[in-house]
Structure formats: structure tokens, C-alpha cells
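Descriptive analysis of the structure
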Amino acid sequence: MTLRLLLVEDDRQLRNTLRQSLLVEGYEILTAASLSEALAIYHQAQTVAKPFDIILLDLGLPDGDGSDLLAKVRRKQSTPVIVISARDTEAAIVQLLDAGADDYLVKPFTLGELLARIRVVMRHRGNHLQAAVTFYQCDSLTVDLLSHKVMVAGSQVHLTPTEYNLLARLVRSSGQVVTHRQLLKDVWGDEFIEHTHYLRLYMGQLRSKLEMDPAEPVLLLTEPGVGYRLHVRDE
Amino acid sequence: MNTLHSQKTRRSYWLGLSIWLIGGCLIRLFGDHLSLANIGLLLVLTTTVASLWLRFSLSFFCSLIALMAFDWSLVPPVGAFTIDFHQDLILLLVMLLVNGIIAGLVSRLRDQSEKSQLHAAASENLRNWVERLRDAEQPEDLLEDLHRQLSSLAGVDIGLVVENRACGLVANDEQRQALMHCWKAGQALGANTGRYQELGAVYLPLRGRQLTLGAVLIAGCISHNVLIEARALCDQMALALERNHIQKQEQLAREQVQAQQLKNTFLAAISHDYRTPLATILSAASAIQQQDLNLNSPQRKELTQNIIEEVERLGRLTSNILQLARLDSTDEQLQANWESVEDIVGNVLRRMRQQDSNRRIQVELQKNLPLLWGDPLLLSQLLENLLDNALRYTAEGLITLKAYLDAEVIILAVEDQGAGIPEAEISRLFAVFQRGDHSGGAGVGLAFCRAVAQAHQGELNVYSSAEGSRFECCIPIKPQPEFPG
């Protein structure tokens, strides 16, 4: 089945380059250069044509902010949205991720990075009937949420309840960035969303138990200023 | 000042009258033994000495009384105002005339001497004032002083206004309007000034050669002489204020020119730094476009890899410049949070490995480091810059990234085994647009690193020898947050 993508990007060169590359990858792609155009195309797709499978959304558009489209999409359904933005808008990225965006890419990015992000969001949201991710395997680490087991290189590792909850939250969104706020809220509770230092402590403990070289982690990755990402093997 | 003056006048009267009393007593004591002519000379002497302290009219009056007493008691017939002999009458009249002339002359002389004394005192006062103004770093600081001097000179309330400052009497609405008018027009108003004579006060501008920098309100009427003296004090103040104002303007203009020059040099350095990667990208891309059929697969791959690497370099350069501009602007705050050094180092390594295929970068990370309060993106970028420089400027040898705690400071250090940096260059290294001989964008990068360290209340140091260089960022730790039990 061909995936339908909506690419919202105001820069013509980048829009055309991405369009060409994604066409080569076999995606069906529609492009919009402004917020109003994107809203019109999205609306038309929802009512008349086939809905989109993924939306690639630039933040700074000439006639408004990409977040307006995200809000509209999130009100109706869970079409995955990947935010594309410039480097200096970490605060805006976090806001959009907390508002429901699935992942983000900072310009400049490679085609490989974009395709990997698309694959990850499709794995999580591509099929609405698919159960939540409960199994994770990458390098020597295996996590099975159903049987509550964490194995490194074949032997079981003991985690404290908080460490396990933190890891489980990352496993459920494996490959995707999870913001500090989301992690704190889901693991500790609403009143702890400002306690970023808890994450630093527990992430350090998890790395020392799960990573081969905790100083150079390859699984529990940091997204500076945004959150954490559990690395998935790129198929 | 007026009280002082009246005290002085009273003392003069008493002195003058005492002289007359002494003169009278002497004549009474020796009158019987002296001739009329001698007694007459004693009278002239008394008049002369007493005139030194008495006003002309009083002196002349005393002289007249003395002559009448002389006539009564010594000139025949004694005990009457009549005079028997013509020569005695002539003597008395001549004495009266001479006494009058002497009293007049001495009195005028004394007036002139007093005037010149006052004049000298005013000149001395002005000279001291000019010297104090000349020595003052901020003439505005002497406003209180001017207020005191004018108050003492004029004997009435004084109000002063200059830009951003006022002192002394708070003016009412009418006075404020008049003050503003005086300031704007740069002209004196009020009694003895020739303008708006009917005003109940005098307004003097603080006017320099070109600018009027304030105004003075003298809330009362003052004499012409006092007005002249007050104006002289105000003029000197105004000249000092103007001099200071012009110096400040000059300084500002100089700084603006320097800032502009810095900006131009900065832009020139940036465009130079952009050209090299752009040239690589253009040549690689045009090679792929034009020599497509002649290129084999490894060649094509190498060219595209060059393009990707140079684009990443451009990205880092752009980010450096953007963040440097942000750090330079005072109102931009750090996006700070509690960050772990392990997180930052781990993330930096992951990014740097892409250009470190030989794995020259090694890490020595102390365990259980305290958390840093800082901006993770800036700190990551700082380490990336230092590692990128080390990779770029040392062809071989290991590069070590160290992180450890030293007293209350976290040290993030990048050490290489390169040829080192010449001593003369080290001090110039951090200037925004200066690079070593090995040109290639380190200028902006290092200036950025130092700005990041300083934004975290830390510092960036460089140590270099023939065995290699060490760039060290020291960041003080803050009291740690509470952790869950």
C-alpha cells in the first residue's frame, strides 16, 4: 500500500528536493507552501479524497505557524505529524511535541534521518488497530513489557521500579523522542513535570545498567533541551 | 552674608565714635596748656583717623559738634558760641572745611578699598570654583555646591535643574514654566536681566558655548552686582557641563565607530569562513553534474560524502554565529536546566563519531559528577567546537575529552597531541575573527566557546606545548537540587 504524505514547507528548493526523494522511495506526496494551502489540502483530503498517513510540517510558514495545523489534525484524528524546524526553536519544538507532534527533525537533516523518522512513526501509528509496542530489541538489550523482563546480553538485569517505569515509557515510544515533561508526567506524576534533575539521575542509572559504555551511549540517547530517545535499529 | 555686613558696619561706627571720644578727652585734658592752633590740629587729626571707620555724613557731623564744643569751651569768650576775634572765626571755618574735605576723601578711599576687596574675594571665589569644576570627573556632582554658593551669595532660595537632575527649591508651576523657557531660550529672565523684569524671581540659564544644559531659579530680587557674580558661577558650571557632555558624545561616537568596524570585520571573517565549504560543495556537486558518466561509484560516493561533511560544517558555523550573537545581546537569557555532564558528553560523542571514523576521540569521564545548571545545547556545541578543532588541526594522535570535578568546579577539557599553538598566538586566539596560520573557521568557534563559558559564570583556558594543546572549560557548580529518597 502506498503511503500518502503531506509535506508543508515554504522553501521551494527544500520542498522540491524532499518531494523528489520521497517519490523515489515510493511515497505518494502532496506539497503545500503555506499554512492556508496546507489547511485546504488537508481538509479536502479528509472529506473527499483519501486521508494522509503522515504529515511533515515546517514550523515557520509565511502566513502562520505550523502549530495551527497540528491543533486541527489532533482534534480530529491521530495522523502522525513530524515537525521540521530550524535549530534555534527548541522551545517551540518541545511545545509541539507536548501538544501531540510525533517527532521532530532539525534542519539541516539528511534523507536517511527523515526516512528513519517516517518508519518509526509508521511503526507506532501506522495502523490504529495495532497494539502498543511492548517488545524491544536492539543490540544486546531486550525488553519485554508483557513478562516484565529486561535482559542484557542474555542475562536478566534487575531494575528498580522507577528505572523500569522510565525504561518502559521509552520502549512504548521506541525510536521516538519523548520530552522531559512527558517522561516526568508519565513516570512520576503531574506534580513532578519541572523536576528534570530526576531524569538525569535515573537515566544515568539506567545507562550504567544497560549500556556497554555508559559514557558513549548508543541506546538511551539524549536530545539536548528536548528529551530522550530509545534508539531502534534502522531496518 | 548680610548679617556679617551689618555686624562689620556696627563695629566701624563704634570704632569711629571711640576715636572721637578719645580725641575729645585729649583736648579736654591738654586744652589749657596748648594754643588754639594746636588744638585745631588735634581736631583735624581726630577727624582724619575717625573717617577711616565713619561714613562721610557722620564724620562731618561729629566734626561740626567737636568744633562747636571747641568754640564753646576754648575760644574767647569761653562759655558762649560768639567769637571775639576775626582770626578765630577764620580758623574755625577753615578747620570745618578741612575736616569736611578730609572726611570726604577718606570715606571715598575706604569705599573704593572695600569694593576692590569684595571684587578680589569674588574673583578668588570664581577661580576656586573654576578649579573645582575642572578637577571634577562629573560636573553634575557639584550641583549641590553651586546651590550652596548661590544661596549664600543671593541670600534667597535657589532651585537648579539640569538634564535628569534637580536640586534645591522645588519650583511651583509658574516658576517651572519660566525655568523651562529660560532653559530653552538660553536667556536670563527677571529683575536686572532686561527680560520679563516684572517676574518676582530671577532665572539664569546654564549656557555653554553652544548648548544650554539647565537653568537656575533665584527666588527673590538681587542686586546687579550679585547678578553678575551669580551669572559668572553659572557660566562656569555650564561650560564644565558642556565639556563633559561633548566628551560623552565623543566617546559614544567612537564606540559606535568601533562597533561598526568590529561588525564589518566580523562579517568579512564570516563570509571568508563560508567560502571554503561552499567552494567544496560547489565543486563536488558540479563534478557530479558534469562528469556523471566518467565517475565510478567510489568517486561519486566520495564527492557526495564531501558535500555532506561540508554542509555539516556550514551548519555548525551558522549555529555558532547565531548563538554568539544571542550571547552578545544582554537581554537574551540562557535556556538553562539541571543537566548531566554524562548526557552532554554522550550526545556530543555520538555526533562527533560521524567525522571521527578512526576513533581518535577518547573519553575520560569521572563517575557521579554533580549536575550542571546550564544550557545543554550551548554546552554541547562548545564541546563539539573544541573536538572539531582538535580533529581538524591535528593530523594524527589521540584526542581526549575529559570531564571531572575540581573543588567546586566542573572541568570539561579537550586535549590533543598536535604540534601546539605558538605562544604569541594564544592571547589572540579568542578574538572573534582571528585565526592561526591554519585558517579555517576556528575564530568564530573559539569566540563562541568563550562566550558560552562566560555565560555559565565560567571560563575557557588554553594551555599549549610542543606535546599538544589543552582547551579547558571550567564551570562552577551550584547547590544541587533535592533528589527523591
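Calculation criteria
- Residues numbered from 1 in each chain as written.
- Chains lettered and ligands numbered in written order.
- Predicted model: local features only at pLDDT ≥ 70, side-chain atom pairs only at ≥ 80, totals over all residues.
- Helix = DSSP H or I, 4+ residues; strand = E, 2+ residues; numbered from the N terminus.
- Buried ≥ 20, exposed ≤ 12 C-beta atoms within 10 Å, placed from the backbone.
- Contact = placed C-beta atoms within 7 Å.
- pLDDT = per-residue confidence, 0-100.
- Pairing = 2+ DSSP bridges.
- Axes fitted to C-alpha atoms, helices over the stretch in contact; angles between N-to-C directions.
- Core = buried A, V, L, I, M, F, W, Y, C linked by C-beta atoms within 7 Å.

As for the overall build of chain B
Within chain B, the secondary structure is distributed over twelve helices and eleven strands. Out of the 485 residues belonging to chain B, those deemed buried represent 31%. Long-range contacts, defined here as pairs at least 24 residues apart, represent 64% of the contacts in chain B between residues at least 6 apart.

A few points about the confidence of the model for chain B
Residue and element names in this part refer to chain B. The predicted model of chain B averages 85 in pLDDT, with 95% of residues at 70 or higher. The low-confidence segment residues 435–441, where pLDDT is below 50, has ten contacts with residues more than four positions distant or belonging to other chains. Among the prediction metrics, the complex's ipTM stands at 0.85, with pTM recorded as 0.64.

Some remarks on the sheet that holds strand S4 (residues 212–218) of chain B
Residues and elements named next belong to chain B. Taken in spatial order, the four strands line up as S2-S1-S4-S3 in an open sheet, and their pairing is antiparallel. Because the sheet does not close on itself, it has two edges, and the strands there are strand S2 (165–168) and strand S3 (202–207). Mean inter-strand twist for the sheet, computed between neighbouring axes without regard to direction, equals 15°. The pairing of strand S1 (residues 158–162) with S4 spans five bridges and is antiparallel. When the bridges of S4 are listed, isoleucine 158 appears paired with isoleucine 218. Each of S1, S2 and S4 is contacted by helix H5 (residues 143–154), which is oriented at about 150° to S1, the strand it contacts most. Each of S1, S3 and S4 touches helix H7 (residues 224–290); the most contacted strand, S3, lies at about 30° to it.

A few points about the interface of chain B and chain A
Quite often, the size of an interface is put as the accessible area lost when its parts meet. Chain B puts 26 residues into the contact, and the matching count from chain A is 21 residues. Elements represented by at least two residues in the side of chain B that touches chain A include exactly helix H8 (297–328), strand S5 (337–339), helix H9 (341–352), strand S6 (361–365) and helix H10 (376–393) of chain B. With seven residues, H9 of chain B is the single largest residue contributor to the side of chain B that touches chain A.

Quick notes on the nonpolar core
Soluble globular proteins tend to pack their nonpolar side chains together in the buried interior. Ranked by size, the top nonpolar core spans 59 residues in total, and within it Leu6, Val8, Ile55, Leu56, Leu57, Ile82 and Val83 of chain A carry the most contacts. Top element by residues in this core is helix H8 (residues 196–210) of chain A. It accounts for six residues. The next biggest cluster of nonpolar side chains, apart from the first, holds 40 residues, and it includes Val341, Ile344, Leu371 and Leu401 of chain B.

Here's the deal with the sheet that holds strand S9 (residues 141–144) of chain A
Residues and elements named next belong to chain A. Read across the open sheet, the four strands follow the order S8-S9-S10-S11; overall the sheet is antiparallel. Both edges of this open sheet fall to strand S8 (135–138) and strand S11 (155–156), since each of them pairs with a single strand only. Two strands pair when backbone bridges link them, and S8 and S9 are joined in this way by four bridges, in the antiparallel orientation. Pairing of tyrosine 136 across the sheet is with valine 143, part of S9.

Some details on unusual backbone geometry
Put simply, lysine 107 of chain A and proline 108 of chain A share a cis peptide bond, and its omega is -5°. Relative to the helices and strands, proline 108 of chain A resides in the loop between strand S7 (103–106) and helix H5 (111–125). Of note in the backbone geometry, histidine 148 of chain A takes a positive phi value of approximately 65° without being a glycine. Even without a glycine there, the phi angle at alanine 407 of chain B is positive, about 55°. As for its position among the elements, alanine 407 of chain B is in the loop between strand S8 (399–406) and strand S9 (409–415).

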